[in-house]
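# Descriptive analysis of the structure
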Amino acid sequence: MTRSIMWRRIDVAGHEACSINQSGPSHVISGMAIYAAESSSVRIVYSVTCNDEWECRAATVERWVGADTRMGSIVGPKVAARFGRPILELGGNNAMIVAPSADMDMAVRATVFSAVGTAGQRCTSLRRLIVHTSIKDDLVAKLAKAYASLPVGDPRDEGTLVGPLVDQGALEAMQSALETARTEGGKIHGGAPVTDGTPGGAYAAPAIVEMPDQTEIVCTETFAPILYVMGYDNFDEAVALHNAVPQGLSSCIFTMDMREAETFLSATGSDCGIANVNIGPSGAEIGGAFGGEKETGGGRESGSDAWRAYMRRQTNTINYSADLPLAQGVKFDI
């Protein structure tokens, strides 16, 4: 017999989940709620446990995908209320600094893969390119040429390099962001919706946007293949631009100057949880701790930090002698 279970998870904005139809006397029902989170959609998967009388006893968040800071501000306190340890990975807005000494061919390849791979829908996707003004025009020209050659279409077809966006809402968010960038002085290359040769779904050509400054839209992560390009004149200015966003997940610099590289990795350089040199931001090494700072949320997965979040730590002292030693040499004779 099939019953219809209506369950709700209401956030501070009053958004609700949908009703779910499932069969069976007792099981876990999973459903999906879609929230309008400013310029993007946040998908949250819930688990609802029901008893034989079909009374919903518990509704807990199993996982959330593409979550933003607003969602983290809701989930974080809920976990903290029970003294849990959250791992919040709430988005990126990752940047690359390209210095005058950079290997240009490497920088081009890394930029294209990091910004366009997975159609710009990784938390570590490259979204901001901060380039020295002496090489900016040359680099943009090379990138525009590379972007124009990228096949967009069915990801199941051999040779396709740019697949679909997750849904129509993501495509609309991308187009809205590009329009906003245009009004803020941006010069746009590409970015138009693609319908020819696609099997249905939401497709768009990846976009390069030359910006006069790091405007509000640049500081807002749009989960789509949009790359904002800005120029800089000195290294301190580049680092300041890099860090002047709310997010702090992944970052990188392309340079042959050892002093620049070491500064970028230092406490006065990148303020992100991941900082790379001469490699893009979108490849996470499984042996390294993964996570970010600032509004990215904090906490680490993988690497040496993984056990701290997923396991209980216990300190043991075992005395194998017949004596009872006391700490700090304390004497307590009785």
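Residues numbered from 1 in each chain as written. Predicted model: local features only at pLDDT ≥ 70, side-chain atom pairs only at ≥ 80, totals over all residues. Heavy atoms only, no water.

### A short note on the overall build of the chain
When helices and strands are tallied, the chain shows eight helices and 14 strands. For the chain, buried positions account for 43% of its 334 residues. Pairs at least 24 residues apart make up 60% of the contacts formed inside the chain by residues separated by at least 6 positions. (Helix = DSSP H or I, 4+ residues; strand = E, 2+ residues; numbered from the N terminus. Buried < 20%, exposed > 50% of the residue type's maximum accessible area, 1.4 Å probe, protein only. Contact = heavy atoms within 4.5 Å.)

### Points about the confidence of the model for the chain
Per-residue confidence for the chain averages 82 on the pLDDT scale, and 79% of its residues sit at or above 70. A low-confidence stretch, residues 1-67 stays under pLDDT 50, and its non-local contacts, those more than four residues away or across chains, total 138 contacts. (pLDDT = per-residue confidence, 0-100.)

### Quick notes on helix α1 (residues 69-81)
The periodicity of an α-helix, 3.6 residues per turn, causes residues three or four positions apart to be oriented the same way. Given a rise of 1.5 Å per residue, 13 residues ought to cover 18 Å, and the 18 Å separating the end C-alpha atoms of α1 matches this to within 8%. Within the span of α1, buried status applies to Met71, Gly72, Ile74, Val75, Gly76 and Val79. Looking one or two places after α1, you find Phe83, whose phi comes out positive at around 60°. (Expected span 1.5 Å × (residues − 1).)

### Description of a nonpolar patch on the surface
There is a patch of nonpolar side chains on the surface, built from Leu324, Leu326, Val330, Phe332 and Ile334 and spanning about 640 Å² of accessible area. Its location among the elements puts Val330 in the segment after α8 (306-310). Taking relative accessible area as the criterion, Val330 reaches 46% and is therefore assigned partly exposed. (Patch = residues over 30% accessible without salt bridge, like charges linked within 9 Å, V, L, I, M, F, W, Y side chains within 5 Å. Areas by Shrake-Rupley, 256 points an atom, 1.4 Å probe, with all protein chains shown as cover. Salt bridge = Lys/Arg side-chain N within 4 Å of Asp/Glu carboxyl O.)

### Comments concerning the state of the cysteines
Under the counting rule described, the total for this entry stands at zero disulfides. Residue Cys252 stays outside any disulfide, its sulfur separated by 9.7 Å from that of Cys272, the closest cysteine. Cys252 sits in the buried class, given a relative accessible area of 0%. (Disulfide = S-S within 2.5 Å.)

### Overview of the nonpolar core
Core analysis: the largest hydrophobic core is formed by 55 residues, its most contacted members being Val98, Leu129, Leu165 and Tyr228. In terms of residue count, helix α2 (residues 104-116) provides more of this core than any other element does, seven residues in total. With near-sequence residues (within four places) excluded, Leu165 lies in contact with Ala119, Gln121, Ala170, Leu171, Met174, Ala202, Ala204, Phe223, Ala224 and Pro225. Counting five residues, the second-largest nonpolar core is a separate cluster that includes Met71, Val75, Val79 and Leu90. (Core = buried A, V, L, I, M, F, W, Y, C linked by side-chain atoms within 4.5 Å.)

### Things to note about the pattern of salt bridges
Should the charged atoms of two oppositely charged side chains come close, the side chains can pair. Evaluation of the coordinates by the stated rule reveals six salt bridges. Between Lys136 and Glu210 there is a salt bridge, with its nearest N and O atoms 3.1 Å apart. Here the residue Lys136 occupies a position in helix α3 (residues 133-148), and Glu210 occupies one in strand β9 (residues 207-210), the gap between them amounting to 74 residues. Of the two residues, Lys136 and Glu210, both sit in the buried class. Salt-bridge contacts for Arg182 lead to Glu179; the nearest nitrogen and oxygen are separated by 2.7 Å. Taken as a pair, Arg182 and Glu179 lie in helix α4 (residues 168-183) at a separation of three residues, close to a single helical turn.

### Concerning the environment of Ile217
Considering the arrangement of structural elements, one finds Ile217 in helix α5 (residues 216-219). Once the C-alpha coordinates of Ile217 and Glu184 are considered, the two residues, 33 residues apart in sequence, prove to be 8.2 Å apart. If we ignore the near neighbours within four places in the chain, the residues touching Ile217 are Ala177, Thr180, Ala181, Glu184, Met211 and Tyr228.

### Overview of helix α6 (residues 235-243)
Among the residues of α6, those classed as buried are Phe235, Ala238, Val239, Leu241, His242 and Asn243. Buried residues in α6 make contact with β6 (94-98), β7 (126-132), β10 (226-232), β12 (250-254), α7 (258-265) and β14 (293-294). Its side-chain oxygen 3.3 Å from the backbone nitrogen of Asp236, Asn234 forms the N-cap of α6. (Polar contact = N/O pair within 3.5 Å; in protein donor to acceptor, adjacent residues only side chain to side chain.)

### Considering the environment of Leu90
Inspection of the secondary structure puts Leu90 in the loop between α1 and β6. Note on Leu90: relative accessible area 7%, which makes it buried.

### Structural notes on unusual backbone geometry
We note that Phe83 has phi near 60°; this positive angle belongs to a residue other than glycine. With respect to the element layout, Phe83 can be found in the loop between α1 and β6. For Thr118, which is not a glycine, the phi torsion comes out positive at approximately 55°. Along the chain, the position of Thr118 falls in the loop between α2 and β7.

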